[in-house]
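# Structural features, examined
Each chain, letter by letter, is given below.
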Amino acid sequence: QAKALGRNTYSFFTEEMNAIMRRRFAIEEQMHTALARNEFTIHYQALFDVQTQNISGAEALLRWHNATLGQVTPDEFIPIAEHTGLIVPIGKYVIKQALVFLNEWQNIDQQKYSISVNLSPRQLRDATLIDLIKDALQDANISPESLQLEITEGVLMTGQAYIQEALTNISDLGIKLGMDDFGTGYSSLSYLRQYPFDVLKIDRSFIYGIALNKADCDLVKATIAMSHSLGLTVVAEGVETQEQLHLLNELGCNFAQGYYFAKPLPANQLLDFSASKKKK
Ligand code: C2E
Ligand code: MG
Ligand code: MG
Ligand code: MG
């Protein structure tokens, strides 16, 4: 009996592993031609000034729909794109598109906004990254200060020289550097001193509890105070309730994004959303 159960458990496990491996393989295979087939789109999530509650910019978030695989989430395909190196051409596409979009948005609304783009470590290793960013800024007629590049702490953990060099080059161009998902990795504090960050984004797992328990609230409060004393601007990620927003305002948090304000939207829908906010 026990033996039979053991065998069943075992075969169930391998079947599941097989399914995971097959999906991974299919994602990798399909990704090679996905750019050429125009399967990637970019959604934009609005970023809000906590005090004024006006839109100050947006974050570009990649979306992939494939005929065979259906919708594939970034959490599923970004690590594979990173592993294969395909993140380099895909990331290039995101930077170019996002800047063209920002130019259009600013022209329509007749005001300045910022755009945030996520960067993978593999992209920092690409020697052509800086020139590509310069060209994309120029082509879209966007000033460097309007672009923010976001990286997670995990990127910095390897401590490799090319990372320091790439981040310094980016910062020297006048582009803003943001540390994404702050608090989810470790040794974050020394990274803030070592690299030229301008913005710190508090991970949504910390924002979740601020209106529910004092410990989380105190932690976020201390993070904001520390960031400000280091000259960093603070963004709260994953704001979902009015109570959270209210607290963040009291704590002096600068910007916020999250479902409370807006989900990531296709470009045309973000333009409509932005226009509707301006009319009020
Ligand atoms: P991220 O940069 O931290 O982006 C924020 C993620 O949180 C997004 O997930 C967004 O949809 C989600 N989010 C925003 N507000 C809320 C909220 O109120 N509640 C909850 N539960 N979630 C919220 P998404 O779009 O699935 O992206 C996941 C991650 O994939 C991103 O995390 C980023 O690390 C990566 N990613 C997305 N696009 C790109 C890209 O173009 N290049 C690279 N390298 N990475 C990307
Ligand atoms: Mg991000
Ligand atoms: Mg994040
Ligand atoms: Mg993330």
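Residues numbered from 1 in each chain as written. Chains lettered and ligands numbered in written order. Predicted model: local features only at pLDDT ≥ 70, side-chain atom pairs only at ≥ 80, totals over all residues. Heavy atoms only, no water.

Going by what an unreviewed UniProt entry lists, the chain is known as Diguanylate phosphodiesterase and is assigned to Paraglaciecola hydrolytica.

## Let's talk about the overall build of the chain
Helix and strand counts for the chain come out as 12 helices and 10 strands. For the chain, the C-alpha radius of gyration of 21 Å lies close to 19 Å, the compact-globule estimate for 280 residues. Viewed in the frame of its principal axes, the chain has a C-alpha envelope of about 65 × 50 × 45 Å. Counting all 280 residues of the chain, 44% fall into the buried class. For the chain, the share of sequence-separated contacts (at least 6 apart) that also reach a separation of at least 24 residues comes to 66%. Of the roughly 14,800 Å² of accessible surface on the chain, a fraction of 52% belongs to carbon and sulfur atoms. (Helix = DSSP H or I, 4+ residues; strand = E, 2+ residues; numbered from the N terminus. Rg over C-alpha atoms; globule rule 2.2 N^0.38 Å. Buried < 20%, exposed > 50% of the residue type's maximum accessible area, 1.4 Å probe, protein only. Contact = heavy atoms within 4.5 Å. Areas by Shrake-Rupley, 256 points an atom, 1.4 Å probe, with all protein chains shown as cover.)

## Observations regarding the coordination of the magnesium ion (ligand 2)
Those protein atoms acting as donors to the magnesium ion (ligand 2) are E59 (OE), N118 (OD1), E150 (OE) and D180 (OD), and they sit at 2.0 to 2.2 Å. In primary-sequence terms, the residues that donate to the magnesium ion (ligand 2) follow E-x58-N-x31-E-x29-D. A spacing of 4.2 Å is found between the magnesium ion (ligand 2) and the magnesium ion (ligand 3), which share D180 as a donor. Of this pair, N118 sits in strand β4 (residues 114-118) while E150 sits in strand β5 (residues 147-152), and the two are 32 residues apart along the sequence. A residue is classified by how much of its surface remains accessible, and N118, at 30% relative accessible area, is partly exposed. (Donors = N, O, S within 2.8 Å, 3.2 Å for Na, K, Ca; no water.)

## Focus: the site of ligand 1
As a matter of local geometry, ligand 1 sits amid 22 residues, with R63, N118, D180, E240 and Y259 nearest to it. One of the side-chain N or O atoms of R63 is found 2.9 Å from an oxygen atom in ligand 1. Y259 places a main-chain nitrogen or oxygen 2.8 Å from an oxygen atom of ligand 1. Contact with the protein chains covers 85% of the free accessible surface of ligand 1, which is 810 Å². Cavity membership is defined here by more than half of the atoms lying within 2 Å of grid points; on that basis ligand 1 lies in the largest pocket. (Near = heavy atom within 4 Å. Polar contact = N/O pair within 3.5 Å; in protein donor to acceptor, adjacent residues only side chain to side chain. 1 Å grid on protein atoms, 1.4 Å probe; cavity = no way out; pocket = protein on both sides within 12 Å on 5 of 7 lines; lining within 4 Å. Sits in = over half its atoms within 2 Å of the grid points.)

## Considerations on the environment of E104
Residue placement: E104 occurs in helix α3 (residues 87-109). Residue class for E104 comes out partly exposed when judged on its relative accessible area of 40%. Considered as a pair, E104 and Q257 are 153 residues apart in the sequence and their alpha carbons are 21 Å apart.

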